[in-house]
Amino acid sequence: MGETMGKEKKATGQPTVKKEPFLKVVKKHWMLLLMLAPAVCYVIIFSYIPMTGVILAFKQYQYKGGIYHSPWIGLQNFKSLMIAGKLGMVTRNTLLYNIAFILLGVVFEMGSAILINELTSKYFKKIAQSFMFLPYFISWVVAGAVMYNFFNYERGIVNHVIKAFGGTPFDLYNTPAAWPFILVFLKIWKQTGYGSVVYLAAITGLDQEMFEAASIDGASAWKKIRYITIPCLKPTMVILVLLAIGNIFRGDFGLFYQTVKSSALLQPMTDVIDTYVFRLLITNSDIGVSAAAGLYQSVLCFVTIMVCNALVKKADPDYALY
């Protein structure tokens, strides 16, 4: 027996571990599994059961037949989606916007967390963090309304000030080229405070002896940030980026709809898959084509996260999600 184990260990490089029977594991950890049950039930009811609705992408929906008894039409909905000619544009916009959100989000969220951590005044640190966190609780409806009242061509506050100083009013809502910068700014403004909380928690969990040793060796605050804080935040950053990549083909509907509204002039620069699906459903009432667009979006997200996770796992398995 010993020789056999030795051979197995030599062949695989690791000792074999005997797995416990499933029922024995359940009996041993029943309390933990019971605590997990509500979350599992929530995911099954609200995430997995609704997935059966994807069959609408292959059906001509009829109210009389419902989801399961409407007639099958195969890939006709996807064909109609391709013929419309906007799928490539909204896919490109969604991808590019989310790449900008992810990259700038990492920079601003990590940078904000590091700056807050470096503050010495406890009260000022709390005030700064509260002000940074405040935009997260502001609805996109409110943000869009405030922005409209500021930048409206006829009644906007900004244009009134420009006119008062003898300038020419600026029609923001008829200038498509300006909106990519505005949308990226609004997204970063809203998510930075919330996103920095995770990085701040990771920083506070670091071993303080490393910083004390660096201070004794004469390291400046910048060198401690560069050589200790940022490298230690790398695992947190990779996980958050991977989670964000899983939704890289999903747009923030509130951001792209409430701030832009339904301006046809701005759609080439601001339309994303989510707003496109919404308009398909509202204007055309074509549930089948809308479902096809939603399935197309979900498949893109799934493939992207699988590929990215595989690449990360190949580079460094410790940083992979699974």
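Because the structure is a prediction, the values reported are computed rather than measured. (Residues numbered from 1 in each chain as written. Predicted model: local features only at pLDDT ≥ 70, side-chain atom pairs only at ≥ 80, totals over all residues. Heavy atoms only, no water.)

A closer look at the overall build of the protein chain
Step number 1: If you tally the helices and strands in the protein chain, you get 17 helices and zero strands.
Step number 2: The C-alpha radius of gyration of the protein chain comes to 26 Å, more than 25% above the 20 Å expected for a compact globule of 322 residues.
Step number 3: Principal axes of the C-alpha set define a box for the protein chain whose edges measure 85 × 70 × 35 Å.
Step number 4: Here the protein chain, with 322 residues, has 33% of them falling under the buried criterion.
Step number 5: For the protein chain, contacts bridging at least 24 residues in sequence account for 64% of all contacts bridging at least 6.
Step number 6: Surface summary for the protein chain: the accessible area is close to 20,700 Å², and the carbon and sulfur share equals 69%. (Helix = DSSP H or I, 4+ residues; strand = E, 2+ residues; numbered from the N terminus. Rg over C-alpha atoms; globule rule 2.2 N^0.38 Å. Buried < 20%, exposed > 50% of the residue type's maximum accessible area, 1.4 Å probe, protein only. Contact = heavy atoms within 4.5 Å. Areas by Shrake-Rupley, 256 points an atom, 1.4 Å probe, with all protein chains shown as cover.)

Observations concerning helix α6 (residues 87–118)
Step number 1: Here α6 spans 46 Å end to end across 32 residues, near enough to the 46 Å set by a 1.5 Å rise per residue.
Step number 2: Remark: the principal bend of α6, roughly 25°, maps to G105. (Expected span 1.5 Å × (residues − 1). Bend = angle between axes of the 7 residues up to and from the residue.)

Points about the packing of α6 against helix α10 (residues 179–204)
Step number 1: One can describe the packing of α6 onto α10 by two numbers: an axis separation of 6 Å at closest approach and a directional angle of 45°. It follows that α6 is oblique to α10 by the angle criterion. Our pair here, α6 against α10, has a crossing hand that is right-handed.
Step number 2: Per-class residue counts for the contact of α6 with α10 are 18 nonpolar, seven polar and two charged. (Axes fitted to C-alpha atoms, helices over the stretch in contact; angles between N-to-C directions. Parallel < 35°, antiparallel > 145°, perpendicular 65-115°, else oblique. Left-handed = near helix turned anticlockwise from the far one by under 90°. Nonpolar A, V, L, I, M, F, W, Y, C, P; charged D, E, K, R; others polar.)

Here's the deal with a nonpolar patch on the surface
Step number 1: On the surface, L33, L36, V40, Y42, V43, I44, I45, F46, Y48, I49 and M51 cluster together to form a nonpolar patch covering roughly 1,100 Å² of accessible area.
Step number 2: Position of V40 relative to the elements: it lies in helix α3 (residues 30–48). (Patch = residues over 30% accessible without salt bridge, like charges linked within 9 Å, V, L, I, M, F, W, Y side chains within 5 Å. Salt bridge = Lys/Arg side-chain N within 4 Å of Asp/Glu carboxyl O.)

So, the side chain of T192
Step number 1: Assignment of secondary structure puts T192 in helix α10.
Step number 2: Judged by relative accessible area, T192 falls into the buried class, the value being 10%.
Step number 3: Of the polar contacts made by the side chain of T192, one reaches the backbone oxygen of I188; its length is 2.5 Å.
Step number 4: Those residues in contact with T192 that lie beyond four places of it in its chain are F108, E109, S112 and M132. (Polar contact = N/O pair within 3.5 Å; in protein donor to acceptor, adjacent residues only side chain to side chain.)

Observations regarding the environment of I216
Step number 1: Relative to the assigned elements, I216 resides in helix α11 (residues 208–216).
Step number 2: Placed 102 residues apart in sequence, I216 and D318 show a C-alpha to C-alpha distance of 31 Å.

Description of the pattern of salt bridges
Step number 1: A full pass over the atoms with the stated rule returns three salt bridges.
Step number 2: With a closest N to O distance of 3.6 Å, R155 and E154 form a salt bridge.
Step number 3: The salt bridge partner of R279 is D271, with a shortest N-O separation of 2.4 Å.

Focus: the side chain of N159
Step number 1: Position of N159 among the secondary structure elements: in helix α9 (residues 157–164).
Step number 2: On the accessibility criterion, N159 (3% relative accessible area) is buried.
Step number 3: Among the polar contacts made by the side chain of N159, one reaches the main-chain carbonyl oxygen of N152 at a distance of 3.1 Å.
Step number 4: If we ignore the near neighbours within four places in the chain, the residues touching N159 are F150, F151, N152, Y153, P169 and F170.

Observations regarding the state of the cysteines
By definition, a disulfide links the sulfur atoms of two cysteine residues through a covalent bond.
Step number 1: Across all of its chains, the model carries zero disulfides by this definition.
Step number 2: Free cysteine C308: the closest other cysteine sulfur is in C301, separated by 11 Å. (Disulfide = S-S within 2.5 Å.)

Observations concerning the environment of N117
Step number 1: Among the secondary structure elements, N117 is positioned in helix α6.
Step number 2: Between the C-alpha atom of N117 and that of L103, which follows or precedes it by 14 residues, the distance is 21 Å.
Step number 3: When neighbours within four sequence positions are excluded, N117 is seen to be in contact with K125, L200 and I203.

Digging into the confidence of the model for the protein chain
Step number 1: Mean pLDDT over the protein chain: 84, with 94% of residues reaching 70 or higher.
Step number 2: Model confidence for the protein chain, summarised as mean pLDDT per element, is weakest for helix α1 (residues 2–12) at 47 and strongest for α3 at 91.
Step number 3: Of the regions scoring below 50 in pLDDT, residues 1–12 engages in six contacts with residues more than four places distant in sequence or in other chains. (pLDDT = per-residue confidence, 0-100.)

With respect to the packing of aromatic side chains
Step number 1: By the definition in use, this model includes 17 aromatic pairs.
Step number 2: Look at F58 and F78: their rings are 5.5 Å apart centre to centre, the planes differ by 45°, and that puts the pair in the tilted class. Of this pair, F58 sits in the loop between α3 and α4 (66–69) while F78 sits in helix α5 (residues 76–84), placing them 20 residues apart in sequence.
Step number 3: For F58, a relative accessible area of 23% translates into the label partly exposed.
Step number 4: Joined through ring pairs, the aromatic side chains of F133, Y136, F137 and Y194 make up one cluster.
Step number 5: Over the ring of Y136 we find K190; its NZ or CZ atom is 5.6 Å from the centre of that ring. (Phe/Tyr/Trp six-rings, centres within 6.5 Å; stacked < 30°, edge-to-face > 60°. Lys NZ or Arg CZ within 6 Å of the ring centre and 35° of its normal.)

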